[in-house]
Amino acid sequence: MAKSKAGLLQGTLDMLILKALSLGALHGYGVGQRIAQISGDALKIEEGSLYPGLYRLEQRGWVQSAWDVSDNNQKAKFYKLTRAGRKQLILEERNWERLAGATMKALRAS
Amino acid sequence: MSRIRATINSIRARLHHDEIAREVETELRFHIEMRTRANIEDGMNPDEAQRAALQSFGDFNNVKSACCEIRRSLPFNTSLLRMGLNITIAVLAGVAALWTVNTPHHNLPSLLSQLGFVAVLTCLFVVARRKQKPHRQ
C-alpha cells in the first residue's frame, strides 16, 4: 500500500533539519535524505525549501556552515549544529510533544 | 539590530552581492546534480532524471533569491576574527618556544613551566582549528 505523505509547516521543517543535523554534519542534499530516512519516507518536502530553512537556522546561530569536498569530490557546503542549535532542538521537541499531546486530547474529546 | 551592524551588513551585501549569488547557486546546483545522479541510479535516463530532479526541487529562482536575501542579512562572519586569534596564538607559541631555547641559565623547574606554557598554547591552537570546520560522519 502506498504511504500517504504529509506536507510540512515551516517550523516543523526547521525542527526536522535540526534533528537531521543532530546526527552529524551534512550538506543540504544529505539533510533531505536524512529526513526522508528518519521519517520512514513519510514526509513530503519540496527539496528546495530546505535551503531557505538552512539559511534561516544559520542566521539564528543554530547551525553553521563551511565549504568542503563531498564524497564524490565536488565542492559542497556542509552544515553542522551549534551548541545553541542543540539546545533549540531539545526545546522544540518538548514543545512539539506538548502540542501533539494537546491536539490528540482535543481530537479524542467526545 | 544596531545601526552600526545594519550599516556593516548593508555594505557587505553591496560588496559581496555577486559572490553570495554564486555561492548559493553552486550549492543549489550541487543538490540538483546529486538528485539527478540518484534518479539515474534508479533507472531513469539522464534527461528524465534531470527533469525529475528540477521538479522535486521546486522553483529554483525563487529558492535562490530567498537564500540570497537571508544570506545577505547574516550577521558579521566571525571566521576572520577566529583566524586572527589562531595566528596570534601560533605566533605566541613560536615566540615562547624561541624564548625558552634562547634564555640562558635554565633550571629544570623553570624549563618545565615554560614547556608547559608552550604545550598549553599548542593545545589551544589545535582546539581552535578543530572547531572551525564541521566534522563529517
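From a predicted model like this one, the values you see are computed outputs, not experimental measurements.

**Student:** Any details on the overall build of chain A? Residues and values, ideally.
**Tutor:** A tally of helices and strands in chain A yields four helices and three strands. Across chain A, helices and strands are ordered from the amino to the carboxyl terminus as α-β-α-α-β-β-α. Residue burial in chain A is summarised as follows: out of 110 residues, 35% are buried. Pairs at least 24 residues apart make up 54% of the contacts formed inside chain A by residues separated by at least 6 positions.

**Student:** Break down unusual backbone geometry for me, with residues and values.
**Tutor:** Trans is the common state for peptide bonds, and a negative phi is the common state for residues other than glycine. Residues and elements named next belong to chain A. In the Ramachandran plot, Asp41 falls in the positive-phi region, its phi being about 65 degrees despite a non-glycine side chain. Secondary-structure assignment places Asp41 in the loop between α2 (28-38) and α3 (50-59). In this model, Asn73 sits at a positive phi of 60 degrees, which is unusual for a non-glycine residue. Secondary-structure assignment places Asn73 in the loop between β2 (63-69) and β3 (75-81).

**Student:** Please give an account of the interface of chain A and chain B that cites residues and values.
**Tutor:** Across the contact, 23 residues belong to chain A and 24 residues belong to chain B. Listing elements by their share of the side of chain A that touches chain B, those giving two or more residues are α2, α3, β2 and β3 of chain A. Each residue belonging to the side of chain A that touches chain B can be placed in one class, and the counts come to nine nonpolar, seven polar and seven charged.

**Student:** Can you explain the sheet that holds β3 of chain A? Please cite residues and give values.
**Tutor:** Residue and element names in this part refer to chain A. What the three strands build is an open sheet, ordered β1-β3-β2; its pairing is antiparallel. The open sheet has two edge strands, β1 (26-27) and β2, and neither has a second partner. Note that β1 and β3 share two bridges and pair antiparallel. Each bridged residue has a counterpart across the sheet, and for Leu26 the counterpart in β3 is Tyr79. Of the strands in this sheet, β2 and β3 are in contact with α3, which crosses β2 at around 120 degrees.

**Student:** I'd like to hear about the nonpolar core, residue by residue, with values.
**Tutor:** Within soluble globular proteins, side chains that are nonpolar generally end up buried alongside one another. Core analysis: the largest hydrophobic core is formed by 28 residues, its most contacted members being Ile17, Leu18, Leu21, Val31, Leu54 and Tyr79 of chain A. Those elements giving two or more residues to this core turn out to be α1 (10-22), α3 and β3 of chain A together with α2 (17-41) and α4 (60-72) of chain B. With seven residues, α1 of chain A is the single largest residue contributor to this core. With sequence-adjacent residues up to four places away left out, Ile17 of chain A is seen in contact with Val31, Leu50, Gly53, Leu54 and Leu57 of chain A.

**Student:** Could you give me a rundown of the pairing of β3 of chain A, with the residues and numbers involved?
**Tutor:** Residues and elements named next belong to chain A. Most of β3 sits inside the fold, with five of its seven residues counted as buried. Sheet topology note: the β2/β3 ladder contains seven bridges and is antiparallel. Bridged to Val69 within β3 is Lys75. Adjacent in sequence and paired antiparallel, β2 and β3 are bridged by five residues, among which Asn73 carries a positive phi angle near 60 degrees.

**Student:** Quick one: what's the story with the environment of Arg51 of chain B, residue by residue and with numbers?
**Tutor:** Residue and element names in this part refer to chain B. Mapped onto the secondary structure, Arg51 falls in helix α3 (residues 46-57). Of the residues examined, Arg51 has 14 C-beta atoms within 10 Å and is grouped as partly exposed. Note: C-alpha distance between Arg51 and Thr36 (15 residues apart in sequence) is 8.2 Å.

**Student:** Tell me about the packing of α2 of chain B against α3 of chain B, and name the residues and values.
**Tutor:** Residue and element names in this part refer to chain B. Contact geometry for α2 and α3: axes closest at 8 Å, N-to-C directions at 130 degrees. Classified by the angle between their axes, α2 and α3 sit oblique to one another. In this structure, α2 crosses over α3, and the sense of that crossing is right-handed. Across from His31, Ile32, Arg35, Thr36, Asn39 and Ile40 in α2, the residues of α3 making contact are Pro46, Ala49, Gln50, Ala52, Ala53, Leu54, Ser56 and Phe57.

Quick notes on the rules
Residues numbered from 1 in each chain as written. Chains lettered and ligands numbered in written order. Predicted model: local features only at pLDDT ≥ 70, side-chain atom pairs only at ≥ 80, totals over all residues. Helix = DSSP H or I, 4+ residues; strand = E, 2+ residues; numbered from the N terminus. Buried ≥ 20, exposed ≤ 12 C-beta atoms within 10 Å, placed from the backbone. Contact = placed C-beta atoms within 7 Å. Nonpolar A, V, L, I, M, F, W, Y, C, P; charged D, E, K, R; others polar. Pairing = 2+ DSSP bridges. Axes fitted to C-alpha atoms, helices over the stretch in contact; angles between N-to-C directions. Core = buried A, V, L, I, M, F, W, Y, C linked by C-beta atoms within 7 Å. Parallel < 35°, antiparallel > 145°, perpendicular 65-115°, else oblique. Left-handed = near helix turned anticlockwise from the far one by under 90°.

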